[in-house]
Amino acid sequence: MTAIRKDDTVVAVAGKNSGRIGKVLAVTSDSDRVLVEGVNLVQKTLKRNQSQENPQGGVYEKEASLHVSNVMLYCSKCEKGVKVRRERDGKKVTRLCKSCGHAFE
């Protein structure tokens, strides 16, 4: 179980995108990868196709996935990437910032 979930705000901590902040669009748990909005953009080429919606073709940018170890949950109080601790209240589990105690969710 990872601490990162869909719609969380994360910061990239490694690679060419370190320091960038974005919202998680998707989490792939079997390969431990996350798709973050506006982070790790790659260029894709699209072939010209007269019969479909792209008659001109061209180059466009889209997000590529990052490994979950290269992102950290972003705390709005601390304004940085933080580690997470979990507290259980009955059956409900709450994620908390380790440094300031801010509850995520």
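The structure displayed is predicted, hence computed values, not measured ones. (Residues numbered from 1 in each chain as written. Predicted model: local features only at pLDDT ≥ 70, side-chain atom pairs only at ≥ 80, totals over all residues. Heavy atoms only, no water.)

A.B. asks: Just to check I follow, could you spell out the sheet that holds strand β11 (residues 103-104) for this structure?
C.D. replies: Either a parallel or an antiparallel arrangement is found when strands of a sheet pair, and the pairing is made through backbone hydrogen bonds. One open sheet holds the 3 strands; their spatial order is β9-β10-β11, and the pairing between them is antiparallel. Both edges of this open sheet fall to β9 (84-89) and β11, since each of them pairs with a single strand only. In this structure, β9 lies alongside strand β10 (residues 92-97), joined through 6 bridges in antiparallel fashion. Paired with Arg-88 across the strands is Val-93, a residue of β10. (Pairing = 2+ DSSP bridges. Helix = DSSP H or I, 4+ residues; strand = E, 2+ residues; numbered from the N terminus.)

A.B. asks: Just to check I follow, could you spell out the state of the cysteines for this structure?
C.D. replies: Where two cysteines share a covalent bond between their sulfur atoms, that bond is called a disulfide. Counting across every chain of the model gives 0 disulfides. Free of any disulfide, Cys-78 has its nearest neighbouring cysteine sulfur in Cys-100, separated by 3.5 Å. Cysteine Cys-97 is unpaired, with the sulfur of Cys-100 as its nearest cysteine sulfur at 3.6 Å. (Disulfide = S-S within 2.5 Å.)

A.B. asks: Would you explain unusual backbone geometry in this entry?
C.D. replies: Working note: non-glycine residues mostly have negative phi, and peptide bonds are mostly trans. The phi torsion at Asp-7 lies on the positive side, around 75°, for a residue other than glycine. Positionally, Asp-7 belongs in the segment before β1 (9-12). Phi is positive for Asp-32, which is not a glycine, with a value near 55°. Considering the arrangement of structural elements, one finds Asp-32 in the loop between β2 (21-28) and β3 (33-36).

A.B. asks: Sorry if this is basic, but what is going on with the pattern of salt bridges here?
C.D. replies: Where charged atoms of side chains with opposite charge meet at close range, the side chains can pair. Enumeration according to the criterion identifies 3 salt bridges in this entry. One salt bridge in this structure joins Arg-95 and Asp-8, with 2.8 Å as the shortest N-O distance. Taken together, the residues span a long stretch of sequence, with Arg-95 in strand β10 and Asp-8 in the segment before β1 at a distance of 87 residues. We classify Arg-95 as buried; its relative accessible area is 2%. Asp-8 gets classed as buried once you look at its relative accessible area, which sits at 11%. Of the charged contacts in the structure, one is a salt bridge between Arg-85 and Glu-87, with a shortest N-O distance of 2.8 Å. (Salt bridge = Lys/Arg side-chain N within 4 Å of Asp/Glu carboxyl O. Buried < 20%, exposed > 50% of the residue type's maximum accessible area, 1.4 Å probe, protein only.)

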